[in-house]
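# Chains, contacts and geometry: an overview
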Number of protein chains: 2
Amino acid sequence: MEIIRTVREMQRWALEEKRKGRFIGFVPTMGCLHEGHLSLVKLARSRSDLVVLSIFVNPIQFLPGEDFSRYPRPVERDESLCLESGVDVLFYPDSAQMYAPDHSVIIEETLLSRGLCGATRSGHFKGVTTVVAKLFNIVIPDVAVFGQKDAQQLRVIQRMIRDLNIPVEIIPGPIVREPDGLAMSSRNRYLTPAERQDALCLRRALDHVEKCIQEGERDVETLRKELAGVLDRVPAVRVEYIEFVDDETLQPVKRVERLVLVALAIRIGLTRLIDNTVLMTRQD
Amino acid sequence: MEIIRTVREMQRWALEEKRKGRFIGFVPTMGCLHEGHLSLVKLARSRSDLVVLSIFVNPIQFLPGEDFSRYPRPVERDESLCLESGVDVLFYPDSAQMYAPDHSVIIEETLLSRGLCGATRSGHFKGVTTVVAKLFNIVIPDVAVFGQKDAQQLRVIQRMIRDLNIPVEIIPGPIVREPDGLAMSSRNRYLTPAERQDALCLRRALDHVEKCIQEGERDVETLRKELAGVLDRVPAVRVEYIEFVDDETLQPVKRVERLVLVALAIRIGLTRLIDNTVLMTRQD
């Protein structure tokens, strides 16, 4: 495995491999790798000759007061995991490599990024689209894999790909969960053992909504109350949002027809957690 | 010469040629081609195996009330000129190809695009950076040529290239002038014969400033007065701006040291014209 730390070297490597006709698969991450990330590496591998994984904790997608400085950075463990999972190149730039002091170009998605996490994390997706476009230009992948746990991020990036005609195919990676159902996230390690137990309400709430759907319920207000009921039973949970939105446009819906994304964001103590599922119904 | 009208086909062509190891040179234009554009084609040709020229009158870089609808579109003449000048592919998309009805991603440069034309044409450069990034992703060039007549545009694009790590080399094309000194522009055809004569004041003014520089003048306020004096002698001319800025940062300067861009924008009748020169001084 090669470790590349400069933009120039990464870009040169990519251009050279592409000239040789190699297909590059890309997994952009913020490090603190877990099984979820490694499943994305597998997906990338299945669709390409060479897999690049990037680790970059992107300062411009964190808002003031968020966890940028304390975001976990277990460098050596991440390197071992990359090596073990067959990553060909680990791209590991520092902030100075990625942002000039007078950096002045941003990419903004203005429709899909307004609601859900965008409503409370204003400016977050601007940071995400900008860094992802930069990474695409540096790694020059044919395919890139993004986890479905960050449901809105995935759709915002797909919209950027479409609207800027970026010649990269996005492969969504299914959510990987702990045996008890908690969606894997680098931020899970912030949780105390008690909070870790409380966090299971996310999956319980989504399971409950899926059960309601199977029983024929289609009204979003009813489903929302059912879902909120599950979360409310855990006193430590503060709900940030419970949203039922069209899977493509991310606009709120009143009934569950075709594909509807149910997305949740909660806080437990100092930790913000998200989870989601896509409700599929036969067309009524 | 191949004429390609769809994004999909253009991108496929580009990816295929790149896999064969071909270098693609790119000249993005809004059509109504003149000698200035053809000089850019020559530059592109000198640095690549294949030259793509695009013609697209980009709606989102025109402000309300500007000349989008009346912008000249002499389709057949443009095609002949491309053919004669050895363009390999003419990329000729329509607006529906370039912008989905729910297009929602923009690229914005926030420092260099504020002054000069950006001060009066708010939002113009957002349209330029967005469409140029799109075209780069569609044509996937190795080099792209932009004329120095649009001095601010050139620098904003170079900044975008730097800040988004776009793997395209920008080649600046020198201003091409009519025999009498008027910088070539598709908009010159808006001018009546009398206005056409009046427009020569632009070059006269720049020549005069260069003469002042040769005679040792370095103070920008003095130079600005000298320059304004030349323009003021033509009653039909309304000055939009006269700016002396650092050639790289586009920030106003007080003295001419090293590279200073003098940029002018005027209106004559309904027509807006720009011109510029870079003042070079031995370091005093």
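Because the structure is predicted, anything quoted here is derived from the model rather than measured. Along each chain, residue indices are assigned from 1 in the same order as the chain's sequence is written. Ligands are numbered from 1 and chains lettered from A, in the order in which they are written. The model is predicted, so local features are restricted to residues of pLDDT at least 70 and side-chain atom pairs to those at 80 or more, both for listing and for counting; the totals for chains, interfaces and linings are taken over all residues.

This next bit is on the overall build of chain A. Where helices and strands are cited, they refer to DSSP runs of H or I of at least four residues and of E of at least two residues respectively, numbered from the N terminus. A count of helical and extended segments in chain A gives ten helices and ten strands. Note on method: radius of gyration uses C-alpha positions; expected globular size equals 2.2 Å times residues raised to 0.38. Relative to a compact globule of 284 residues, whose C-alpha radius of gyration would be 19 Å, chain A shows 19 Å and is just as compact. Principal-axis analysis of the C-alpha atoms gives chain A an extent of 55 × 40 × 35 Å. Every C-beta atom is placed from the backbone, and the number of other C-beta atoms within 10 Å of a residue's own sets its class: buried at 20 or more, exposed at 12 or fewer, partly exposed in between. In chain A, buried positions account for 42% of the 284 residues.

Further remarks concern the relation of the copies chain B and chain A. For the pair chain B and chain A, the superposition axis carries a translation of 0.0 Å, the fit reaches an RMSD of 0.0 Å, and the rotation angle comes to 180 degrees. Viewed as a symmetry operation, the transformation between the two copies matches a two-fold axis. For chain B, the smallest separation between a C-alpha atom and the rotation axis is recorded for Ile107 of chain B, amounting to 2.2 Å. In this comparison the copies share one frame, found by least squares on the C-alpha atoms of residues holding pLDDT of at least 70 in both.

In this section: unusual backbone geometry. Residues apart from glycine generally show negative phi values, whereas peptide bonds are mostly found in trans. Residue and element names in this part refer to chain B. Non-glycine residue Asn165 carries a positive phi angle of around 60 degrees. Following the sequence through the fold, Asn165 ends up in the loop between α7 (151–163) and β7 (169–173). The phi dihedral of Leu250 falls on the positive side, at around 60 degrees, and the residue is not glycine. Relative to the helices and strands, Leu250 resides in the loop between β8 (237–246) and β9 (259–268). In this structure Leu250 comes out as buried when scored by C-beta crowding, with 22 C-beta atoms within 10 Å.

Per-chain confidence: chain A averages 96 in pLDDT, with 99% of residues scoring 70 or above. Here the predicted complex scores 0.96 on pTM and 0.95 on ipTM. Scored from 0 to 100, pLDDT records how confident the predictor is in each individual residue.

So, about the interface of chain B and chain A. Contacts are defined on C-beta atoms placed from the backbone: any two residues whose C-beta positions lie within 7 Å are in contact. If you look at the interface, chain B gives 30 residues, while chain A gives 30 residues. Counting only elements with at least two residues in the side of chain B that touches chain A, the list comes to α1 (7–19), β5 (105–109), α6 (124–139) and α7 of chain B. Looking at which element gives the most residues to the side of chain B that touches chain A, the answer is β5 of chain B, with five residues. A per-class count over the side of chain B that touches chain A returns 15 nonpolar, seven polar and eight charged. Two elements, strand β5 (residues 105–109) of chain A and β5 of chain B, share five bridges in a ladder whose sense is antiparallel. The partner of Ile107 of chain A across the bridge, within β5 of chain B, is Ile107 of chain B. In the scheme used here, Gly and all other residues not listed as nonpolar or charged are polar, with Ala, Val, Leu, Ile, Met, Phe, Trp, Tyr, Cys and Pro taken as nonpolar and Asp, Glu, Lys and Arg as charged. One requirement defines pairing of two strands: DSSP has to find at least two bridges between them.

Residues and elements named next belong to chain A. For a helix, the expected span equals 1.5 Å multiplied by the number of residues minus one. Taking 1.5 Å per residue as the helical rise, helix α9 (residues 201–214) with its 14 residues ought to reach 20 Å, and the 20 Å between its terminal C-alpha atoms agrees with that figure. Where α9 is buried, its residues touch α8 (193–198), α10 (220–232), β8 (237–246), β9 (260–268) and β10 (271–279). A positive backbone phi angle near 105 degrees is found at Gly216, which sits one or two residues after α9.

Take the sheet that holds strand β6 (residues 143–147) of chain A next. Residue and element names in this part refer to chain A. Pairing is parallel across the open sheet formed by six strands, whose spatial order is β1-β4-β3-β2-β6-β7. Among the strands making up the open sheet, the edge pair consists of β1 (2–4) and β7 (169–173). If you compare each strand with its neighbour and ignore which way they point, the axes differ by 25 degrees on average. For strand β3 (residues 50–55) and strand β4 (residues 89–91), the ladder comprises three bridges, and the chain directions are parallel. Bridge pairing links Ser54 to Phe91 in β4. To get an axis, a line is fitted to the C-alpha atoms, and for a helix only the part in contact is used. The angle between two axes follows their N-to-C directions and goes from 0 to 180 degrees. Relative to the sheet, helix α7 (residues 151–163) contacts β6 and β7, its axis offset from that of β7 by approximately 170 degrees.

All names here are of chain B. Taken in spatial order, the three strands make up an open sheet running β8-β9-β10, and their pairing is antiparallel. Looking at which strands have only one partner, the edges of the open sheet turn out to be β8 and β10 (271–280). Direction aside, the axes of adjacent strands within the sheet are offset by 15 degrees on average. In terms of strand pairing, β9 meets β10 through ten bridges, oriented antiparallel.

This brings us to the domain arrangement of chain A. Residues and elements named next belong to chain A. Domains are outlined according to an automatic or database domain assignment. Under the domain assignment used here, chain A contains domain 1 (2–173) and domain 2 (186–279). Centre-to-centre, using C-alpha coordinates, domain 1 lies 26 Å away from domain 2. On the domain 2 side, the residues contacting the 13 residues of domain 1 number twelve residues. Looking at the side of domain 1 that touches domain 2, the elements that each hand over two or more residues are α5 (116–120) and α7. Looking at the side of domain 1 that touches domain 2, its residues break down into seven nonpolar, four polar and two charged.

Residue and element names in this part refer to chain A. Structurally, the position occupied by Ala265 is in strand β9. Between the C-alpha atom of Ala265 and that of Ser69, which follows or precedes it by 196 residues, the distance is 22 Å. If we skip the residues at most four places from it in the chain, Ala265 touches Cys117, Glu240, Tyr241, Arg272 and Ile274.

Our focus in this paragraph is helix α3 (residues 75–84) of chain B. Residue and element names in this part refer to chain B. Along α3, the residues classified as buried are Asp78, Leu81 and Cys82. The buried side chains of α3 occupy one side of the element, clustering within an arc of 100 degrees when seen end-on. Facing away from the buried side of α3, by more than 90 degrees, are the exposed residues Glu76, Ser80, Leu83 and Glu84. Next to the buried residues of α3 lie α2 (35–46), β3 (50–55) and β4 (89–91). Backbone geometry just downstream of α3 places Gly86 in the positive-phi region, at approximately 85 degrees. It is the directions from the helix axis to the C-beta atoms whose arc is reported.

Our focus in this paragraph is the environment of Val75 of chain B. Residue placement: Val75 of chain B occurs in helix α3. Take Val75 of chain B: there are 11 C-beta atoms within 10 Å of it, and that puts it in the exposed class.

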